[in-house]
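# Architecture at a glance
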Amino acid sequence: MPTYLQRYATPFTTGLFLISLISGTSLFFHYGTAAFREMHEWLSMVLILPFLLHVWKNWRPFLAYFKRLPMAISLTLCLVASLAFAWPAITGTATGTGGNPAFAMVNVVASGTPGQVAPLLGKSESEIVEALKAKGFTAADLTKTLSEIASASNKDMMDLMATLATFKAN
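The following paragraphs examine the structure supplied in this document. (Residues numbered from 1 in each chain as written. Predicted model: local features only at pLDDT ≥ 70, side-chain atom pairs only at ≥ 80, totals over all residues. Heavy atoms only, no water.)

### Examining the overall build of the protein chain
Inclusion rule: Helix and strand labels come from DSSP, where a helix needs a run of H or I of at least four residues and a strand needs a run of E of at least two; each type is numbered from the N terminus. All radius of gyration figures rest on C-alpha atoms, and the globule criterion is 2.2 Å times the number of residues raised to 0.38. The buried label applies to any residue whose accessible area, calculated with a 1.4 Å probe on protein chains only, is under 20% of its type's maximum; exposed applies above 50%, and partly exposed to all values in between. Only heavy atoms enter the contact rule, under which two residues are in contact if any of them lie within 4.5 Å. Just so you know, the count uses Lys and Arg for positive and Asp and Glu for negative, and it drops His and the chain ends. Every charge is mapped onto a representative atom, which is NZ of Lys, CZ of Arg, CG of Asp or CD of Glu.
Check the secondary structure of the protein chain and you find 10 helices and 0 strands. Moving toward the C terminus, one meets the helices and strands of the protein chain in the order α-α-α-α-α-α-α-α-α-α. Its C-alpha atoms give the protein chain a radius of gyration of 24 Å, more than 25% over the compact-globule value 15 Å for 170 residues. Based on the C-alpha atoms only, the size of the protein chain along its principal axes is roughly 70 × 35 × 30 Å. Relative to its full complement of 170 residues, the protein chain shows a buried share of 22%. For the protein chain, contacts bridging at least 24 residues in sequence account for 52% of all contacts bridging at least 6. Of the side-chain charges in the protein chain, 12 are positive and 9 negative, and the distance between the mean point of each set is 21 Å.

Next up, the structure:
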């Protein structure tokens, strides 16, 4: 490995880890979400490169860890902990608790019909249906839920939500 990479792998790993630590902790406690979310996601991705360089630089000592029980125990516990969080989503048994409340509300609105959503937008149900049709949601009709309308129109649910948001502005 070139010397300049050796010189910077560990410092960048440390700096980016600290950013990930601080932003992740802030996100966990819902503090400064708008400021920290994108920073956390992108700089955590950037952290991959210096981490790989750090592992490359320290390859032999790193391999030595795998000859000892603490590494096996640590990796097993980390895997179990991650599966405990992911299992409900993987198996489809999630109760709907947790997650982003905005997305939860999108699902609530998506399960409604144009008539149920129209009062929120200050429009009549027929105005909503006609406006959706004009925006390319060809399957729009009074009896279908918004998610059914999006699906039957071969459109994304978020496109439908973005379209509905423009109706409120008008």
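### Examining the packing of helix α7 (residues 114-121) against helix α8 (residues 125-134)
This is how it is decided: Here, axes are lines fitted to C-alpha atoms. For helices the fit covers the stretch in contact, and angles between N-to-C directions go from 0 to 180 degrees. Here is the rule for angles: anything less than 35 degrees is roughly parallel, anything more than 145 is roughly antiparallel, 65 through 115 is roughly perpendicular, and the remaining ranges are oblique.
At a minimum axis separation of 8 Å, α7 and α8 run at an interaxial angle of 100°. One way to sum up the angle between α7 and α8 is to call them roughly perpendicular. Of the residues in α8, those touching α7 at Pro114, Gly115, Ala118 and Leu121 are Glu125, Ile128 and Val129.

### A word on unusual backbone geometry
One non-glycine residue, histidine 30, lies in positive phi territory at about 55°. Considering the arrangement of structural elements, one finds histidine 30 in the loop between α1 (3-28) and α2 (33-46). A positive phi angle, close to 55°, is found at asparagine 154, a residue other than glycine. Looking at where asparagine 154 falls in the secondary structure, it is placed in the loop between α9 (146-152) and α10 (157-169).

### Describing α7
Basically, it comes down to this: Each direction from the helix axis to a C-beta atom contributes to the arc, which is the arc of those directions.
When α7 is considered as a whole, its buried residues turn out to be Pro114, Val117, Ala118 and Leu121. The arc enclosing the buried residues of α7, seen along the axis, measures out at 120°, which places them on a common side. Pointing more than 90 degrees away from the buried face of α7 are the exposed residues Gln116, Pro119 and Leu120. The positive-phi residue at the C-terminal boundary of α7 is glycine 122, with phi of around 70°.

### Regarding the side chain of threonine 163
Relative to the helices and strands, threonine 163 is located in helix α10. Given a relative accessible area of 12%, threonine 163 falls into the buried group. With residues near it in sequence (within four places) discarded, threonine 163 still touches Leu132, Lys135 and Phe137.

### Regarding the nonpolar core
We apply this condition: Here, nonpolar core refers to any group of buried Ala, Val, Leu, Ile, Met, Phe, Trp, Tyr and Cys residues whose side-chain atoms link them within 4.5 Å.
Judged by nonpolar contacts, the single largest core of 18 residues is most densely connected at Leu132, Leu146, Leu160 and Leu164. Among the secondary structure elements, those contributing two or more residues to this core are α6 (101-110), α7, α8, α9 and α10. Sorting elements by how many residues they give to this core places α10 first, with 5 residues. With residues up to four places along the chain from it excluded, the contact list for leucine 164 reads Val117, Leu121, Ile128, Leu132 and Leu146.

### Points about the environment of alanine 118
Here alanine 118 shows up in helix α7. In contact with alanine 118, other than residues within four places in its own chain, are Lys123, Ser124, Glu125 and Ile128.

### Comments concerning the packing of aromatic side chains
Just so we agree on the cut-off: Any pair of Phe, Tyr and Trp rings, taking the six-membered ring for Trp, is counted once the centres come within 6.5 Å. Such a pair is stacked with planes under 30 degrees apart, edge-to-face with planes over 60 apart, and tilted for the rest. Either the NZ atom of lysine or the CZ atom of arginine qualifies as a charge over a ring when it sits within 6 Å of the ring centre and within 35 degrees of the ring normal.
According to the stated counting rule, one finds 4 aromatic pairs in the structure shown. Centre to centre, the rings of phenylalanine 28 and phenylalanine 29 are 4.9 Å apart; their planes meet at 90°, and the pair counts as edge-to-face. Per residue, the accessibility class of phenylalanine 28 equals that of phenylalanine 29, and both read exposed. With a centroid separation of 5.9 Å and 40° between ring planes, the pair formed by tryptophan 59 and phenylalanine 62 is classed as tilted. Note that tryptophan 59 and phenylalanine 62 are positioned in helix α4 (residues 59-65) at a spacing of 3 residues, about one turn of the helix. A residue is classified by how much of its surface remains accessible, and phenylalanine 62, at 25% relative accessible area, is partly exposed. Following the ring pairs from residue to residue traces out a cluster consisting of Trp59, Phe62 and Phe66. Stacked on the ring of tyrosine 65, the Lys or Arg arginine 68 has its end atom at 5.9 Å from the ring centre. A cation over an aromatic ring shows up here: lysine 155 above the ring of phenylalanine 137, its NZ or CZ 5.4 Å from the ring centre.

From the geometry alone we can't say anything about function, so treat these as descriptive.
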